[in-house]
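# Coordinate analysis (summary)
One letter stands for each residue in the lines below.
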Amino acid sequence: MEPIINFIEPKITDPFLKGIAEKVMCGQRIKPSEAEYLYEKANLALLSQLANVVNQRLNGDYILFNKNFHIEPTNICFFNCKFCSYHKGAGDPESWVFTLEDIRNMARKYQNSDVTEVHIVGGVHPKWDLEYYGKMIKAVKEILPKIHVKAFSAIELDYVIRKSKLSYTEGLRKLKEYGLDSIPGGGAEIFDPAVRAKICPDKASGEKWLAIHKAAHEIGIQSNATMLYGHIESYRHRVQHMEAIRNLQDETHGFNCFIPLKFRSANNPMGYIGEANLTEDLRNFAVSRIFMDNIKHLKAYWPMLGLQNTRLAIHFGADDIDGTIDDTTKIYSMAGAEEQKPVMTVDRLTQLVSEAGKIPAERDSLYNIIKVYN
């Protein structure tokens, strides 16, 4: 490690920043205050170098993707988050609700294919309950019995489990019996209560989000974690959010991936704020990779970032770029993302990774490598 430290030291005149860099290069955990300092003081060149060192240590040169599709069963939602461009009320001409047969028909499109994962997430429909969520999982498994079902954000789960008057553990056990394999990381936003009161005042708290993921991990359901950035939050809010997830990961070891999600400003009440620029996107990926030392994978979600920026994020610590998706998600396209019809072939994914100087590899939903593309 010493030659690497010597390589970066001449570029750092700030002694505190130099000390943080030395800790990172030696594989030591940084403190929340040090992560905040990186946000505020480190330049992009240093952040890229440090994030790449951490990523190389954890993942080598592999950049991962999977073969997946999404089912978004409704955009009708009980909640009305200020940042959301997806929410519609019942009766809105742009709203939709899929029946169980609709869901079966969507799954049928992937029979005899090599898709390995379905991601089910949508609005919190006020009339749906835990049993209906289970029926959606069962409908997919009837058609695609071997597929991995990653389904329902903690916000959806909190609503239907409370509605069923069960504990989180009891509710998750029932869904696991229906065929739930893992849960996504959505709904985390920013945990700080004051921020949450302004951007999503009526949805489950950060404490409840963490409690649901903890309950899932304790019964063998793995999950991901997210952070919505680039709106009214501060760097301190971001770091506190990541610290809460890092602390839970120390306890349960159940998170597979951390996913920074960029606030997109089109078609929502917070659009006046604007969006984080590319420099801030890359800064956030790098600090996330450096700080989240116990979550092996960091995802650059290409439908959110766009293809060119995803390629750049690979050089700031990201080792996962999600999957083929096949134009089955509208959450970010409705918020103004560059990719309005997100679909990606394996050839395009592997080309993107190879052009970034890395090794593309297909993974399953739990991050086991299926195939390496040389």
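A brief look at the structure comes next. Per-chain numbering applies: the sequence of each chain, read as written, is numbered from 1 onward. pLDDT decides what is reported in this predicted model: residues at 70 or higher carry local features, side-chain atom pairs at 80 or more are listed and counted, and totals for whole chains, interfaces and linings draw on all residues regardless. Side-chain numbers come from the whole structure's heavy atoms, not from hydrogens or water.

### Notes on the overall build of the protein
Here a strand is any run of E in DSSP of at least two residues, a helix any run of H or I of at least four, and the numbering for each starts at the N terminus. Tallying secondary structure elements over the protein gives 15 helices and eleven strands in all. Against the 2.2 N^0.38 benchmark of 21 Å for 374 residues, the protein shows a C-alpha radius of gyration of 20 Å, consistent with a compact globule. Considered along the principal axes of its C-alpha atoms, the protein spans approximately 65 × 45 × 40 Å. Here the positive residues are Lys and Arg and the negative ones are Asp and Glu; neither His nor the chain ends is included. Note on charges: their place is set at NZ of Lys, CZ of Arg, CG of Asp or CD of Glu. Between the mean site of the 46 positive side-chain charges and the mean site of the 47 negative ones, the protein shows a separation of 2 Å. The atom set for the radius of gyration is the C-alpha atoms, and the globule formula is 2.2 Å times the number of residues raised to the power 0.38.

### Thoughts on the pairing of strand E7 (residues 255-262)
Using a 1.4 Å probe on the protein chains alone, a residue whose accessible area is under 20% of its type maximum counts as buried, one over 50% counts as exposed, and one in between counts as partly exposed. Summarising burial for E7: eight of the eight residues are buried, a large majority. Strand direction decides the pairing type here: strand E6 (residues 222-229) and E7, joined by six bridges, are parallel. Residue Thr226 lies in a different strand from E7, and its bridge partner there is Ile259. Note on handedness: a clockwise path from strand one over the helix to strand two, with the strands aimed away from the viewer, defines a right-handed crossover. Crossover connection from E6 via helix H11 (residues 235-252) to parallel E7: handedness right-handed. For two strands to count as paired, DSSP must find a minimum of two bridges between them. Direction of pairing for E7 relative to strand E8 (residues 297-298): parallel, over a ladder of two bridges. If you follow Cys257 over to E8, its bridge partner there is His297.

### Side note on the packing of helix H2 (residues 15-25) against helix H4 (residues 44-59)
Fitted lines through C-alpha atoms serve as axes, helices being fitted only where they are in contact, and the angles separating the N-to-C directions of these axes extend from 0 to 180 degrees. Between H2 and H4, the shortest axis-to-axis distance is 10 Å and the interhelical angle comes to 20°. Overall, the two elements H2 and H4 adopt an arrangement that is roughly parallel. For the pair H2 and H4, the sense of crossing is left-handed. Note on element contacts: H4 touches H2 through Leu46, Leu50, Val53, Val54 and Arg57, opposite Leu17, Ala21, Val24 and Met25. In this classification, the charged set is Asp, Glu, Lys and Arg, the nonpolar set is Ala, Val, Leu, Ile, Met, Phe, Trp, Tyr, Cys and Pro, and all remaining amino acids, among them Gly, are polar. For the contact of H2 with H4, the per-class residue count stands at eight nonpolar, no polar and one charged. Throughout this description, any angle smaller than 35 degrees is read as roughly parallel, any larger than 145 degrees as roughly antiparallel, any in the 65 to 115 degree range as roughly perpendicular, and the remainder as oblique. Should the near helix be turned counterclockwise from the far one by less than a right angle, the crossing is left-handed, whereas a clockwise turn marks it as right-handed. Residues count as neighbours in contact if any of their non-hydrogen atoms are within 4.5 Å of one another.

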